[in-house]
Structure formats: C-alpha cells, structure tokens
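Structural overview for review
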Amino acid sequence: VQLQASGGGLVQAGDSLRLSCAASGRTFRGYAVAWFRQAPGMERDFVAAFDRTGGGIYYKDSVKGRFTISRDNDRKTVYLQMNSLRPEDTAVYYCAASPSVINSNLRSQAAYAYWGLGTQVTVSS
C-alpha cells in the first residue's frame, strides 16, 4: 500500500490543522494506521494510531484531548485533527501502516512496513 500524507503548514499557537493520510492501491481495512512525528534533531515519535481492527485508538499522552485520529467510512483515508497546537508540536508528521502489528507494538516505528512521505507542521509562538 502506498501512503500519501498532506495537510501540514505554518500556524500560530492555539490554531488547528487537519492532516490526511490517503491509501492508494487498497483500503486500510485490516491495517493498523499510525501517525508519527520527528522534530529536528529528535527521534521519530509516536503520536496516534488505530489498531488493525480499527476499534482501538491510541494516543501519545501529550496530545490526548488535543489531537483526534479518525478515518473515512471507505477506509481509504485516515485523518489527524490537531487542535490547540503548541510550538512543541512542530515536526515532520508521517503516516504509517501495517497489516501485522500487534497492539503492544503500535507505538514502535519498527513495527510499520509502509510509510508515507512526511508533511511539515510548524507552530509559531
């Protein structure tokens, strides 16, 4: 499956952005889908994920209550709605998918075989 992430931009603190991750070639049915981010000089870090059933949703603690992961009914696009953005949310955001990751590994980037190109999110103070 090929992934295309989009929706990044330059915003001010407190603003919102919605990122999209579109699948080509198939739907996300049966795949865990996650968002990761990488700030300059930092490791790539887990942000949010659906598990393979789509019924389990997981978030990084620092984004709980501000970010929401969701998907289209056709399961071809996964979104990351980001509200109340902070300067520390500045990073390149990546979407990833895996047909085989188990829930205990959802936060591990090594568990994902498919990655989209990142989209830059910059939050100014």
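Owing to the predicted nature of the structure, the values given are computational and were not obtained by experimental measurement. (Residues numbered from 1 in each chain as written. Predicted model: local features only at pLDDT ≥ 70, side-chain atom pairs only at ≥ 80, totals over all residues. Heavy atoms only, no water.)

1. Observations concerning the overall build of the protein
Within the protein, the regular secondary structure consists of zero helices and eleven strands. Listed N to C, the secondary structure of the protein is β-β-β-β-β-β-β-β-β-β-β in terms of helices and strands. Here the C-alpha radius of gyration of the protein, 13 Å, is about what a compact globule of 125 residues would show, namely 14 Å. In terms of overall dimensions, the protein has a C-alpha envelope of 40 × 25 × 25 Å along the principal axes. Across the 125 residues of the protein, 40% fall into the buried class. If you sum the accessible surface of the protein, you get close to 6200 Å²; carbon and sulfur atoms cover 45% of it. Measuring between centres, the 14 positive side-chain charges of the protein sit 7 Å from its 9 negative side-chain charges. (Helix = DSSP H or I, 4+ residues; strand = E, 2+ residues; numbered from the N terminus. Rg over C-alpha atoms; globule rule 2.2 N^0.38 Å. Buried < 20%, exposed > 50% of the residue type's maximum accessible area, 1.4 Å probe, protein only. Areas by Shrake-Rupley, 256 points an atom, 1.4 Å probe, with all protein chains shown as cover. Lys, Arg positive; Asp, Glu negative; His and termini not counted. Charge placed at Lys NZ, Arg CZ, Asp CG, Glu CD.)

2. Section: the nonpolar core
Where a protein is soluble and globular, its nonpolar side chains tend to be buried together. If you look at the biggest cluster of nonpolar residues, it comprises 28 residues, and the most contacted ones within it are Trp35, Leu80, Met82 and Tyr93. At the level of elements, strand 1 (2-6), strand 3 (17-24), strand 4 (32-38), strand 5 (45-50), strand 7 (67-71), strand 8 (77-82), strand 9 (91-98) and strand 11 (119-124) are the ones that each hand at least two residues to this core. Apart from the residues lying within four places of it in its own chain, the contact partners of Leu80 are Leu17, Arg18, Leu19, Trp35, Val47, Ala48, Phe67, Thr68, Ile69 and Tyr93. Judged by nonpolar contacts, the second largest core, of nine residues, contains Ala32, Ala49, Val101 and Tyr112. (Core = buried A, V, L, I, M, F, W, Y, C linked by side-chain atoms within 4.5 Å. Contact = heavy atoms within 4.5 Å.)

3. A short note on unusual backbone geometry
For residues other than glycine, phi is negative in most cases, and the peptide bonds are mostly trans. Not every positive phi belongs to a glycine, and Arg75 is a case in point at roughly 60°. With respect to the helices and strands, Arg75 occurs in the loop between strand 7 and strand 8. The phi angle at Ser84 is positive, at roughly 50°, despite the residue not being glycine. Counting through the fold element by element, Ser84 comes out in the loop between strand 8 and strand 9.

4. Some points on the state of the cysteines
Put plainly, two cysteines are in a disulfide when a covalent bond ties their sulfur atoms together. Enumeration according to the criterion identifies one disulfide in this entry. One disulfide in the model links Cys21 with Cys95; its S-S distance is 2.2 Å. Torsion about the S-S bond of the Cys21 and Cys95 cystine: about 70°, corresponding to right-handed handedness. Taken as a pair, Cys21 in strand 3 and Cys95 in strand 9 lie far apart in primary sequence, 74 residues in all. Taking relative accessible area as the criterion, Cys21 reaches 0% and is therefore assigned buried. The exposure class of Cys95 is buried, given its relative accessible area of 0%. (Disulfide = S-S within 2.5 Å.)

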